[in-house]
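Each chain, written out:
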2 protein chains.
Amino acid sequence: MPQPETLDQPEKTPLVKEVPPKSKDLSAWYNAICYKAELVSLAPVRGCMVLRPYGYGLWERLQAALDERFKATGHENAYFPLLIPESLLTREAEHVEGFAPEVAWVTQGGNEVLAERLAIRPTSEVIIGTMYAEWVHSYRDLPILINQWANVMRWEKRTRPFLRSLEFLWQEGHTAHATEAEASEEVARMLEVYADVAENVAGVPVYKGEKSSSERFAGATHTYSIEALMPDGRALQAGTSHELGQNFAKAYGIEFSAEDQTLQYAWTTSWGMSWRMIGALIMVHGDDRGLRLPPKLAPLEAVIVPIVKGPSEDVTAAARELYATLKRAGLRVKLDERDERPGFKFADWEMRGVPLRIELGANDLAAGTVTIVRRDRERGEEGAKTSVPLADVGKVLPELLAAVGHSLFAQAKDFLAAHTLPATEREQFLRLCRDRAGMIDIPWCNRPECEAAVKAETRANTRNLRPLEGGETLCVACGEPAVVRAYFAQSY
Amino acid sequence: MPQPETLDQPEKTPLVKEVPPKSKDLSAWYNAICYKAELVSLAPVRGCMVLRPYGYGLWERLQAALDERFKATGHENAYFPLLIPESLLTREAEHVEGFAPEVAWVTQGGNEVLAERLAIRPTSEVIIGTMYAEWVHSYRDLPILINQWANVMRWEKRTRPFLRSLEFLWQEGHTAHATEAEASEEVARMLEVYADVAENVAGVPVYKGEKSSSERFAGATHTYSIEALMPDGRALQAGTSHELGQNFAKAYGIEFSAEDQTLQYAWTTSWGMSWRMIGALIMVHGDDRGLRLPPKLAPLEAVIVPIVKGPSEDVTAAARELYATLKRAGLRVKLDERDERPGFKFADWEMRGVPLRIELGANDLAAGTVTIVRRDRERGEEGAKTSVPLADVGKVLPELLAAVGHSLFAQAKDFLAAHTLPATEREQFLRLCRDRAGMIDIPWCNRPECEAAVKAETRANTRNLRPLEGGETLCVACGEPAVVRAYFAQSY
């Protein structure tokens, strides 16, 4: 399913009159829907975006879902400074090499030219490691389990809403442990949290696994990721969890006296998920009519559209009463009383991806019912419309919302399964990679040279790795002995 | 109650062994308790602080209290970029004059030297006004009611934990309205929200009023504030709400076609509260033993201390069961099983300001009771200790927490009332100002020259103003006709 290359962001938010069909051009559809649905605007500073209230509503609920799970796994939130002195940033050699080309530098404060440049954090291992070195003395001070909600900045050349912007919002977990085994467990636990949120909250199925050495986080000993598949056959990395070994502990001096009185370096980890996850769910769930938002994250769960031709006090009054009832029940619902045709409103809320639409007209009212329309179904599809007694709406809505959520996830799982393609010989493998056919699954040698060769030929590389299932002996890409299974794909 | 001048922050978090008595030296006590209770650490970048988990817990609950009220008054959250191009910042003349000396500038991105400097936001009127100009076309697009949770940066010379730091966390509300009357209402409404949170959540009584013209926000037509009184007789501004008139709308082009088809400029407002509020509640409530946290914000509402001499399986088991029961009931509670003397633990949790301590020893257990100790009372004071049947703890705790909250607020209100001092003649007024006797309340002429003269003589200036109550005719400070009543004080 080849698509034109991604376009760069324009300089000003374009005025979108029509959203082009998603099935024709994912990239054009994606940019158009992000603006038209008022998720984002372009900011008057290159490569930065404004997260508008409707987009922020998605982020707020994603935050809440993650934060709840972080706390349930023993983590606390804290906040560390935005600015990192250059001399501190450069202390972990691999880390600085990875990030320095993307750093924005503060060189003046007020009227003063600074003696040392200050980096705007591209990530916070450095500043947090420095503080952990101050806080940790004894094994009794470990583990430290901290998460930070923050903005970070990476000076990227090409940008797109949610997927890549100079500044973005994310969370970054940073932990320190007395043993390597504990750090490994932590990293695995948080990868599971990410997969849980991606699948059960955002409805986006993912593959979990370890990244290859070429794709590892700068300064990590192991990087794990969750990877989702977009409709154009590109993969999207939606969360990462890193074992940092003792690299940062040595660079920043996180030492502790162990139970046996010896002085040891701590084992640290970090893990992050950003608003990129919102980009993933937009692409995965959307259709030609616009967004289809997963109910657990949707800012609005349902919209009530009164169907009135001319003045109809009864319908208006009933719609308002229903709205008040649902609000009181804690549902996120909106009553659309705009002076527009019902057809206009239907299309507008479909474009904005609201999971359920509640239609209430004179005939419904006479029959004591409403019509509920599910956004996850095609128009005219069985089950797309249900007639529900007015008195039952509050009870039925949560069930229907759950059903929409399951159905969006099931559709996305089917797509992923249909586009996960084992390849058994080299030419077939390279062709599938070039064609963006999906997640191309092969026994692999785990050699950087092999990955680089595949990338040069196809623009695809490994997404993540998992153990061999037995039986495979040779790397499909190069013929050397296989040591893992790997998903290859082009990526965002 | 004169105190030595505030000390500047040291460069590294000092190791605090003993917290000096608050009653002797507020400034030394304040810094010491902020570090000792692990609310903050100093960061390895000048004038910045790390908000540690115990401090962040206070901030998280303050955020929740504000956010809930913002939403209940119709506001939505959004997020705008950190960086503001210099050419944009300089468009509102008064605004840039007020903020330029405090701006941190980004001049390099990656390896590229930027053609135009980018300011790290000291506040976001400029970038948000620019976006509102893009979003607003018709009166139907108004009002826009948006809040942002963000970090901001002001390049200050002298810094102190929570009260003044280069970077700080805050919220900033930004609204646009079709009429001046609506904008005025909004500003008054949000001032009420701040006063409600300060008094009923943080337990800090405040005076509401308008700031004098010298103290107005740069670019505003009216600034209102809530002002609290610290134990050293200095006032602390804890939240501000600004009417911006059409100043920003004109500078950034926020125009709309009104119902009568004319093209008009919008009326905008902004309002903010920061983590400074935490500094206020620390100073207002703390005592010689350390913090006393208002229960609604306290990260821990109660701590359980088992009193065991040698091994006591019964007491340990009962304490753990109580802990589990209270946790399940949704209380924020901790069980302290450290291998330390009970006396050490008592002092430690008192220093950290936990509102209630639950002691459980062998005698208690035999009697089927626990001893609950309130942090708001003096040791030995009536009602400081209560014996409660084990089975009733879950029911009694919320009542006791409410009682502690009311009592902290009542104590603070008494202090404020006792230190709100009307002055009737000039020399007395100037002496009270110089002595930091509290909020010095006079009929005032509302002239900048008069305020400047008082400040030069006493270091005090106006905190906020309110209408004359009738009868007063002359300004106590200068003898000109009085037009308002004003609180004067030295301030943080």
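Conventions we followed
- Residues numbered from 1 in each chain as written.
- Chains lettered and ligands numbered in written order.
- Predicted model: local features only at pLDDT ≥ 70, side-chain atom pairs only at ≥ 80, totals over all residues.
- Helix = DSSP H or I, 4+ residues; strand = E, 2+ residues; numbered from the N terminus.
- Rg over C-alpha atoms; globule rule 2.2 N^0.38 Å.
- Buried ≥ 20, exposed ≤ 12 C-beta atoms within 10 Å, placed from the backbone.
- Pairing = 2+ DSSP bridges.
- Least-squares fit on C-alpha atoms with pLDDT ≥ 70 in both.
- Contact = placed C-beta atoms within 7 Å.
- Core = buried A, V, L, I, M, F, W, Y, C linked by C-beta atoms within 7 Å.
- Nonpolar A, V, L, I, M, F, W, Y, C, P; charged D, E, K, R; others polar.
- Axes fitted to C-alpha atoms, helices over the stretch in contact; angles between N-to-C directions.
- Left-handed = near helix turned anticlockwise from the far one by under 90°.
- Parallel < 35°, antiparallel > 145°, perpendicular 65-115°, else oblique.
- Expected span 1.5 Å × (residues − 1).
- Arc of directions from axis to C-beta.
- pLDDT = per-residue confidence, 0-100.

### Side note on the overall build of chain A
A count of helices and strands for chain A gives 14 helices and 23 strands. At 25 Å, chain A has a C-alpha radius of gyration in line with the 23 Å of a compact globule built from 492 residues. Overall, the C-alpha framework of chain A stretches about 80 × 60 × 45 Å when taken along its three principal axes. Expressed as a percentage of the 492 residues in chain A, the buried residues total 51%.

### Considering the pairing of strand β10 (residues 222–229) of chain A
All names here are of chain A. Of all the 8 residues making up β10, 7 are buried; the element is thus mostly covered by neighbouring parts of the structure. Of the strand pairs in this sheet, β10 and strand β11 (residues 235–243) are connected by 8 bridges, and their pairing is antiparallel. By the bridge assignment, Y224 is partnered in β11 with S241. Between β10 and β11, which pair antiparallel one after the other, the connecting turn spans 5 residues, and G233 there sits at a positive phi close to 85°.

### Points about the relation of the copies chain B and chain A
Taken together, a rotation about one axis and a shift along it account for how the two chain copies relate. Of the transformation placing chain B onto chain A, the axial shift is 0.0 Å and the rotation is 180°, giving an RMSD of 0.0 Å. Given the turn and translation reported, the copies of this chain are related as if by a two-fold rotation axis. Taking C-alpha positions as the reference, the residue of chain B nearest the rotation axis is V106 of chain B, at 2.1 Å. Counting the interface residues of chain B, we find that 100% of their copies in chain A are interface residues as well, pointing to one common contact surface.

### A closer look at the nonpolar core
In terms of nonpolar packing, the biggest core is built from 311 residues, with I304 and I440 of chain A together with A228 and I440 of chain B touching the most fellow members. Looking at this core element by element, the count peaks at 9 residues for helix α6 (residues 180–201) of chain B. Sequence-distant contacts of A228 of chain B, that is, excluding residues within four places in its chain, are made with A198, V204, P205, V206, A235, L236, A238, A280 and V284 of chain B.

### Focus: the pairing of strand β14 (residues 267–274) of chain B
Residues and elements named next belong to chain B. Of all 8 residues in β14, 8 are buried, a share of seventy percent or more. Residue alternation in β14 divides its side chains into two sets, W267, T269, W271 and M273 and T268, S270, G272 and S274, and both sets are buried. Here strand β8 (residues 167–177) pairs with β14 via 8 bridges, running antiparallel. Bridge assignment links T175 to a residue of β14, and that residue is T269. Direction of pairing for strand β11 (residues 235–243) relative to β14: antiparallel, over a ladder of 4 bridges.

### Brief notes about the environment of V136 of chain B
Residues and elements named next belong to chain B. Along the polypeptide, V136 turns up in the loop between α5 (125–135) and β7 (144–153). You can call V136 buried: it has 22 C-beta atoms within 10 Å. The spacing of V136 and W444 is 308 residues in sequence and 41 Å in space, taken between C-alpha atoms. Aside from chain neighbours lying at most four places away, what touches V136 is D141, L142, I144, A176, I254, F256 and A266.

### Quick word on the interface of chain B and chain A
Across the contact, 45 residues belong to chain B and 45 residues belong to chain A. Of all the elements, strand β5 (residues 104–109) of chain B adds the most residues to the side of chain B that touches chain A, at 6 residues. Taken together, the residues of the side of chain B that touches chain A break down into 29 nonpolar, 10 polar and 6 charged.

### A few points about unusual backbone geometry
All names here are of chain A. Of the consecutive residues L142 and P143, the connecting peptide bond is found in the cis state with omega at -5°. Considering the arrangement of structural elements, one finds P143 in the loop between α5 (125–135) and β7 (144–153). In this structure, R459 is a non-glycine residue whose phi angle is positive, near 70°. Mapping R459 onto the fold places it in the loop between α14 (448–458) and β22 (461–467).

### Remarks on the packing of helix α2 (residues 53–72) of chain B against α6 of chain B
All names here are of chain B. One can describe the packing of α2 onto α6 by two numbers: an axis separation of 10 Å at closest approach and a directional angle of 145°. Considering how the two elements wind past one another, α2 and α6 form a crossing that is right-handed. Where α2 approaches α6, its residues A65, L66 and R69 are matched on the opposing element by V193, V197 and V201. For the contact of α2 with α6, a count of residues per class yields 5 nonpolar, no polar and 1 charged.

### A few points about the packing of helix α13 (residues 426–434) of chain B against helix α14 (residues 448–458) of chain B
All names here are of chain B. Close contact between α13 and α14 brings their axes to 9 Å; oriented N to C, the two are set at 55°. When the interaxial angle is binned, α13 and α14 end up oblique. The handedness of the crossing between α13 and α14 comes out as right-handed. Note on element contacts: α14 touches α13 through V454, E457 and T458, opposite L430, C433 and R434. Of the residues contributing to the contact of α13 with α14, the split by class is 3 nonpolar, 1 polar and 2 charged.

### Quick word on the sheet that holds strand β6 (residues 112–120) of chain A
Spatially, β4(A)-β6(A)-β5(A)-β5(B)-β6(B)-β4(B) is the arrangement adopted by the 6 strands of the open sheet, whose pairing is antiparallel. Two strands bound the open sheet, and with one partner strand each, they are β4 (83–85) of chain A together with β4 (83–85) of chain B. Taken over all neighbouring pairs, the strand axes of this sheet differ in orientation by 45° on average, direction set aside. Where β4 of chain B meets strand β6 (residues 112–120) of chain B, 3 bridges bridge the pair, whose relative direction is antiparallel.

### Some remarks on the sheet that holds strand β15 (residues 302–307) of chain B
All names here are of chain B. Judged by pairing direction, the sheet is mixed, and its 5 strands sit side by side in the order β16-β15-β17-β18-β19 without closing on themselves. Two strands lie at the open edges of the sheet, namely β16 (333–335) and β19 (385–389), each paired on one side alone. Adjacent strand axes in the sheet meet at a mean angle of 25° when their direction is disregarded. Looking at chain direction, strand β18 (residues 369–374) and β19 are connected through 5 bridges and run antiparallel. Of the residues in β19, the one forming a bridge with I372 is T386. Against the sheet, helix α12 (residues 393–418) contacts β15, β17 (356–361), β18 and β19, and its axis sits at roughly 145° relative to β17.

### With respect to helix α2 (residues 53–72) of chain A
All names here are of chain A. In a regular helix each residue adds 1.5 Å, so 20 residues correspond to 28 Å; α2 covers 28 Å between its end C-alpha atoms and thus fits that length. Residues of α2 that are buried include every one of Y54, G55, Y56, G57, L58, W59, L62, L66 and F70, and no others. G74, located one to two residues past α2, shows a positive phi value of around 90°.

### Here's the deal with α14 of chain B
Side chains three or four residues apart in an α-helix point the same way, a direct result of the helix having 3.6 residues per turn. All names here are of chain B. Every buried residue belonging to α14 is among E451, V454 and T458, and all of these are buried. Buried positions in α14, seen along its axis, are confined to an arc of 65° and lie on one side of it. Every exposed residue of α14 that faces more than 90 degrees away from the buried side is listed here: P448, E449, A452, A456 and E457. In this fold, the buried residues of α14 make contact with α13, β22 (461–467) and β23 (484–489). At the exit of α14 stands R459, carrying a positive phi of roughly 70°.

### Describing the environment of L365 of chain B
All names here are of chain B. The residue L365 is located in helix α11 (residues 362–367) in this model. On a C-alpha basis, the gap between L365 and P20 in space is 37 Å, while along the polypeptide they are 345 residues apart. Excluding anything up to four places from it in sequence, L365 contacts D314, V315, A318 and L360.

### Description of the environment of M351 of chain B
Residue and element names in this part refer to chain B. Relative to the helices and strands, M351 is located in helix α10 (residues 342–351). Counting along the chain gives 190 residues from M351 to P161, while the straight-line C-alpha distance between them is 17 Å. Each residue touching M351, except ones within four places of it in the same chain, is listed here: V19, K36, A37, R289, G290 and L291.

### Concerning the confidence of the model for chain A
Residue and element names in this part refer to chain A. Of all residues in chain A, 97% have pLDDT values of 70 or greater, and the mean over the chain is 94. Predicted confidence for residues 1–8 stays below pLDDT 50, and this span has 16 contacts to residues more than four positions away or in other chains. The complex model carries a pTM of 0.96, and its ipTM stands at 0.95.

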